[in-house]
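Architecture at a glance
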Amino acid sequence: MDAATAFLEQFHGETTPAQTLAGRLDEVCREIDETGTYVHTPDELTFGARVAWRNAARCIGRLYWHSLRVRDRRGIAEPADVAAECVAHLRDAGRDGRIRSTITVFAPDRPGEAAPRIHNEQLVRYAGHRTASGQVRGDGRYADFTDRAVELGWERPEPPGRFDVLPLLISRGDAQPELFEIPADAVLEVALHHPEFAWFTDLRLRWHAVPAISNMPLEIGGITYPAAPFNGWYLGTEIGARNLADADRYDLLPVIGDRLGLDTTSERTLWRDRAMLEMLRAVQHSFDSVGVTMADHHTESERFLTHVAREEIAGRRCPADWSWIVPPVSGGLTKVYHRYYDEPDPEMRPAYLPPTPTP
Ligand code: HEM
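Keep in mind it's a predicted model, so treat the numbers as computed, not measured. (Residues numbered from 1 in each chain as written. Predicted model: local features only at pLDDT ≥ 70, side-chain atom pairs only at ≥ 80, totals over all residues. Heavy atoms only, no water.)

**Things to note about the coordination of the iron atom of the ligand**
A lone protein donor contacts the iron atom of the ligand, and this donor is Cys59 (SG), found at 2.3 Å. With respect to the helices and strands, the residue Cys59 is situated in the loop between α3 (42–54) and β1 (69–72). (Donors = N, O, S within 2.8 Å, 3.2 Å for Na, K, Ca; no water. Helix = DSSP H or I, 4+ residues; strand = E, 2+ residues; numbered from the N terminus.)

**A few points about the site of the ligand**
Residues in close proximity to the ligand total 18 residues, the closest being Trp53, Arg58, Cys59, Phe230 and Asn231. At 3.4 Å from a nitrogen atom of the ligand is found a side-chain nitrogen or oxygen belonging to Trp53. Within the contact set of the ligand, an oxygen atom lies 2.8 Å away from a side-chain nitrogen or oxygen of Arg58. Class assignment for the residues of the shell around the ligand results in 12 nonpolar, four polar and two charged. (Near = heavy atom within 4 Å. Polar contact = N/O pair within 3.5 Å; in protein donor to acceptor, adjacent residues only side chain to side chain. Nonpolar A, V, L, I, M, F, W, Y, C, P; charged D, E, K, R; others polar.)

**Thoughts on the sheet that holds β1**
Strand order in the open sheet formed by four strands is β1-β2-β13-β10, with mixed pairing between adjacent strands. Both edges of this open sheet fall to β1 and β10 (212–213), since each of them pairs with a single strand only. Looking at chain direction, strand β2 (residues 102–105) and strand β13 (residues 230–231) are connected through two bridges and run antiparallel. Looking at the pairing, Thr102 lines up with Asn231 of β13. Seen against the sheet, α3 touches β1 and β2 and runs at an angle of roughly 130° to β1. Seen against the sheet, helix α4 (residues 79–94) touches β1, β2 and β13 and runs at an angle of roughly 155° to β1. (Pairing = 2+ DSSP bridges. Contact = heavy atoms within 4.5 Å. Axes fitted to C-alpha atoms, helices over the stretch in contact; angles between N-to-C directions.)

**Topic: the packing of aromatic side chains**
How two aromatic rings sit relative to each other is set out by the distance from centre to centre and by the angle between their planes. Under the counting rule described, the total for this entry stands at 13 aromatic pairs. Summarising the aromatic geometry, the rings of Tyr126 and Trp207 are spaced 5.0 Å apart at their centres and angled 80° between planes, so their arrangement reads as edge-to-face. With Tyr126 in the loop between β3 (116–118) and β4 (128–130) and Trp207 in strand β9 (residues 206–208), this pair connects stretches of sequence that are 81 residues apart. Here Tyr126 and Trp207 have matching classes, each one buried. (Phe/Tyr/Trp six-rings, centres within 6.5 Å; stacked < 30°, edge-to-face > 60°. Buried < 20%, exposed > 50% of the residue type's maximum accessible area, 1.4 Å probe, protein only.)

**Focus on the UniProt feature "domain: Nitric oxide synthase (NOS)" (unreviewed entry) in the chain**
With numbering matched to this structure, UniProt assigns "domain: Nitric oxide synthase (NOS)" (unreviewed entry) to residues 58–65. When the span residues 58–65 is considered, its composition is 0% helix and 0% strand, and the gap between its end C-alpha atoms is 13 Å. (UniProt positions renumbered as here; feature names shortened; annotations may be inferred.)

**Quick word on the packing of helix α7 (residues 236–243) against helix α9 (residues 271–289)**
Where α7 contacts α9, the two axes come as close as 9 Å, and the packing angle between them is 145°. Considering only the axes of α7 and α9, their crossing is right-handed. Listed contacts from α9 to Gly236, Thr237, Ile239, Gly240 and Ala241 of α7 are Met276, Met279, Leu280, Val283, Gln284 and Phe287. Looking at side-chain class alone, the contact of α7 with α9 contains seven nonpolar, four polar and no charged residues. (Left-handed = near helix turned anticlockwise from the far one by under 90°.)

Structure representation (structure tokens):
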């Protein structure tokens with residue numbers, strides 16, 4: 001009841017609901033006595049999901065926390081129905097490239113009822129297929145997850161590709177997950193080209209447009225929603241400087257360095273930095289040229305500081321995790337690098353919580 005009270009006080013402090021706080025607290029108290037839990041009103045759910053975003057200390061995109069669209073699917077708990085709604089989420093949030101920040105909230109934990117759980121880290125991720133030579137084809141970070149999907153019966157594409165979309169693994173509680181393929185037409189993807197180098201197209205690279213985190217439970221007022229996938233849009237650096245560049249992901253910097261004719265024999269030529277910048281240009285150019293929403297680190301840094309200033313004016317703390325907020329390239333060129341922030345507080349609620357370990 002303490003968590004519910006703290007949340008309802010916040011909700012009534014920041015908004016003007018029709019019902020009084022005292023009336024709502026009485027109602028919730030009775031409901032908890034009778035059922036062991038309580039049900040959020042749609043407005044409480046929307047407020048809670050938005051404030052959880054506002055509280056996300058690692059997120060640079062929080063200026064628009066108030067515009068999060070909430071798809072209330074709390075009546076849905078069966079894995080097949082959850083999967084169908086995840087697919088609908090991707091279509092609805094992707095809107096052919098005009099991406100909208102969206103969350104779909106499925107059934108919460110209730111006494112005696114196992115809530116659904118999505119095991120994928122994001123709704124769309126590419127498989128990492130282990131090859132006979134001990135390497136991984138595709139996204140190296142998902143090799144274990146791909147093995148698990150195969151053990152559960154996933155028939156990987158033949159021949160295995162570098163950008164095979166993984167199936168959704170969804171369970172009720174800790175039961176064995178069931179597999180669901182995502183239809184290809186629900187996955188908006190962008191083929192990567194470089195604004196100057198025609199050879200870049202020959203690399204046949206691509207990336208999906210909607211980054212939808214699906215394994216972070218949403219906690220509001222003492223109620224946990226283990227399945228609540230949410231998306232914003234990509235920041236170019238996430239794809240160009242991390243997903244395609246990291247040595248344990250696609251590890252493409254040596255390939256690009258070679259194509260650029262750079263001297264890759266010494267770190268002192270800064271070939272990695274130059275290759276990364278060209279990759280980032282290709283990512284940004286490709287998304288822009290097909291009209292898919294994508295942020296750049298300069299603009300998003302400015303927006304974030306506007307957000308911090310607004311939070312200060314509203315008299316709220318704005319915790320931020322410096323090492324996640326500062327972009328992975330050109331950090332010092334952005335204003336977010338040159339200051340410190342309120343310390344992240346892991347007890348802050350509502351919140352998107354760290355994923356629970358896979359059973
Ligand atoms: C609107 C555009 C958005 C942008 C540009 C953005 C940007 C980012 C970036 C760059 C990160 C760091 C990711 C990483 O390095 O792996 C991040 C993390 C995060 N964002 Fe956002 N975001 C957006 C929307 C959202 C929305 C709608 C939510 C929730 C409703 C959200 C919640 C989070 C959370 C919880 C994390 C931390 C993830 C973790 O701990 O792994 N973001 N965001």
